[in-house]
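# Topology and contacts: notes
In case you want the letters, here they are:
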Amino acid sequence: MRDVDLYRQILGLPEPWLVTDVNLDLNGGRVEVLVTHPEGLRWMCPQCGKHLAVHDHAAERSWRHLDTCQLQTVLRARVPRVNCPEHGVLQVKVPWAEPRGRFTALMERWIIDVLQQCATISGACRLLRLSWDEVFGVMDRAVRRGQARKKPRVLRQIGVDEKAFRKGHSYTTIVSDIERSTIEYLADERKRESLEGFYNSLTPRQRQGIQAVAMDMWEPYITATQAQVPEAPRKIVFDRFHIMQHVGQAVDAVRKTEHRALRAAGDDTLTRTKYLWLHSQENLTDARREQLSILLGQNLKVARAWAIKEALRQLWDYHREGWARRFFARWYFWATHSRLEPIRQVAHMLKRRLDNIVTYCRLRITNAVAEGINSKLMAIKRRACGYRNPEHFKIAAYFFCGGLDLYPR
Ligand SMILES: [Zn+2]
């Protein structure tokens, strides 16, 4: 079999395209496949599909294809142009690549698959023998393709979270679909407008279809949701993990003050106990749990704060709002009479926010999905050694977590 026939068969190019020459450059590790077409054919306008005679040919272009054995393989062709009365002079579509693509569709698929499987982008570049820019270009195109194909879907449960990806850097607002665990929207900052951009991208039917929104008690997000989502007060659920985090911070504030006072008197009881009071008991090792139970017997302020924090967990066991409110009233009395200022403050804050804490009884959503996505995003950051350009980071986030259909057709 001649090399031309071999490539004609393995490339499987449809009519009227033909392989007319194959150049093997063994030293350069490269195969070049020249693709042409017979003369006298009519071609379709890429805009309207009208059949037209060849107007002229664009300059020769090349597309990187899947390797042949160990050899980089490149398709070369001059693409005909048609002169459509309606759309003007345009290049016709080629069956092996998308318009303006530098890779064949099969090669782009392969790059996408390799990226998804690699721990780092530079690792993918090495495997594929491509530059960072080339690989990133494929990611970018894949995300645009996926977003263009995305059909408006009702997101019944969404999570809104904010994340600062580098210390001292500005925040990113992340909207996730809780049911599918995908990132739906990313915006700079954590302002009202950051989240409103997402709501504005939805149709009225989609906005109406939102049944529950999990978020932290963050005023700009609350305001944006109240302004854009019908019946928002019934739908907002302040995320229980964020709430427990706030209470945990109050416990830690009590510990710090008490530790300072004890240290001044030469007492090291609370040294290296920070996480003992923050983690829930089931996450402690046996040794740490024993240490905790000893400390709990010592009439410490932080021990009282801890007990108040732990008691609050029960709030999320109730399925009826009325019961949850009665439980909270008892807890609130205890917390506000604790003579522990940080605990009193956090209790007041929770009371102000109670209406959208007890919505959990009915809606039962948390931002755990968003937290899971957060850790995925951290991994993406590591993969690319910190995307210096925030737009690049967004593209990578949609590529890895957007649940998009990324492949060329
Ligand atoms: Zn046309």
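Residues numbered from 1 in each chain as written. Predicted model: local features only at pLDDT ≥ 70, side-chain atom pairs only at ≥ 80, totals over all residues. Heavy atoms only, no water.

Turning our eyes to something else, we now look at the coordination of the zinc ion. Within the protein, Cys45 (SG), Cys48 (SG), Cys84 (SG) and His87 (ND1) serve as the donor atoms for the zinc ion, at 2.1 to 2.3 Å. Coordination at the zinc ion is tetrahedral: its four donor atoms span angles of 102 to 115° at the metal. According to the relative accessible area criterion, Cys48 is partly exposed, its value standing at 36%. (Donors = N, O, S within 2.8 Å, 3.2 Å for Na, K, Ca; no water. Tetrahedral: all angles 85-135°; square planar, octahedral: opposite > 155°, others 65-115°. Buried < 20%, exposed > 50% of the residue type's maximum accessible area, 1.4 Å probe, protein only.)

A separate point is helix 2 (residues 105-117). Its 13 residues place the ends of helix 2 19 Å apart at the C-alpha level, agreeing with the 18 Å of an ideal helix rising 1.5 Å per residue. Every buried residue of helix 2 is accounted for by Ala105, Met107, Glu108, Ile111, Ile112, Val114 and Leu115. On its buried side, helix 2 packs onto strand 5 (61-68), helix 3 (121-128), helix 4 (132-149), helix 16 (368-383) and helix 17 (390-401). (Helix = DSSP H or I, 4+ residues; strand = E, 2+ residues; numbered from the N terminus. Expected span 1.5 Å × (residues − 1). Contact = heavy atoms within 4.5 Å.)

With 99 residues, the main nonpolar core has Tyr199, Trp277 and Leu312 as its most contacted residues. Ranked by residue count, the leading element in this core is helix 17, at eight residues. Beyond its immediate chain neighbours, meaning those up to four positions away, Tyr199 contacts Ile158, Arg207, Ile210, Val213, Ala224, Thr225, Gln228 and Val229. Among the nonpolar cores identified, the runner-up in size contains 24 residues, and Val4, Tyr7, Trp63 and Val82 belong to it. (Core = buried A, V, L, I, M, F, W, Y, C linked by side-chain atoms within 4.5 Å.)

Attention shifts here to the environment of Asp188. Among the structural elements, Asp188 can be located in strand 11 (residues 182-188). Residues Asp188 and Thr173, 15 residues apart in the sequence, show an inter-C-alpha distance of 6.2 Å. Setting aside residues no more than four positions away along its own chain, Asp188 makes contact with Tyr171, Ser194, Glu391 and Lys394. A distance of 3.2 Å separates the side chain of Asp188 from the side chain of Lys394, its partner in a polar contact. (Polar contact = N/O pair within 3.5 Å; in protein donor to acceptor, adjacent residues only side chain to side chain.)

Before going further, it helps to examine the packing of aromatic side chains. Tallying each qualifying case throughout the model produces ten aromatic pairs. Summarising the aromatic geometry, the rings of Trp17 and Trp96 are spaced 4.9 Å apart at their centres and angled 85° between planes, so their arrangement reads as edge-to-face. Separated by 79 residues along the polypeptide, Trp17 in the loop between helix 1 (3-11) and strand 1 (18-25) and Trp96 in the loop between strand 8 (88-91) and helix 2 bring together distant segments of the chain. Residue classification places Trp96 among the buried residues on the basis of a relative accessible area of 7%. A centroid spacing of 5.6 Å and a plane angle of 35° characterise the contact between Phe328 and Trp331, whose relative ring orientation is tilted. Taken together, the residues span about one helical turn, with Phe328 and Trp331 both in helix 13 (residues 321-336) at a distance of three residues. Three or more aromatic residues link up through ring pairs in this structure, and these residues are Trp17, Trp43, Trp63 and Trp96. (Phe/Tyr/Trp six-rings, centres within 6.5 Å; stacked < 30°, edge-to-face > 60°.)

Quick look at the domain arrangement of the chain now. Looking at the chain, the domain boundaries give domain 1 (1-96) and domain 2 (240-363). Each of domain 1 and domain 2 has a C-alpha centre, and these two points are 69 Å apart. (Domains from an automatic or database assignment.)

The next point concerns the state of the cysteines. Under the defined criterion, the tally for this structure stands at zero disulfides. The thiol of Cys401 is not disulfide-bonded; the next cysteine sulfur, from Cys118, is found 16 Å away. Taking relative accessible area as the criterion, Cys401 reaches 2% and is therefore assigned buried. (Disulfide = S-S within 2.5 Å.)

Moving on: the pairing of strand 1. Of the strand pairs in this sheet, strand 1 and strand 2 (residues 30-36) are connected by seven bridges, and their pairing is antiparallel. Looking across to strand 2, one finds that Leu18 is bridged to Thr36. The turn joining strand 1 and strand 2, which pair antiparallel and follow one another in sequence, is formed by four residues; a positive phi near 65° is taken by Gly29. (Pairing = 2+ DSSP bridges.)

A complete count under the given rule lists 35 salt bridges for this structure. Residue Arg8 pairs with Asp5 through a salt bridge whose shortest N-O separation is 3.6 Å. Note that Arg8 and Asp5 are positioned in helix 1 at a spacing of three residues, about one turn of the helix. Judged by relative accessible area, which is 27%, Asp5 ranks as partly exposed. The partner of Arg76 in a salt bridge is Glu60, and the shortest N-O contact between them spans 2.8 Å. Of this pair, Arg76 sits in strand 6 (residues 71-77) while Glu60 sits in the loop between strand 4 (51-57) and strand 5, and the two are 16 residues apart along the sequence. According to the relative accessible area criterion, Glu60 is partly exposed, its value standing at 39%. Where salt bridges share partners, they join Lys150, Arg153, Asp177, Arg180 and Glu184 into one cluster. (Salt bridge = Lys/Arg side-chain N within 4 Å of Asp/Glu carboxyl O.)

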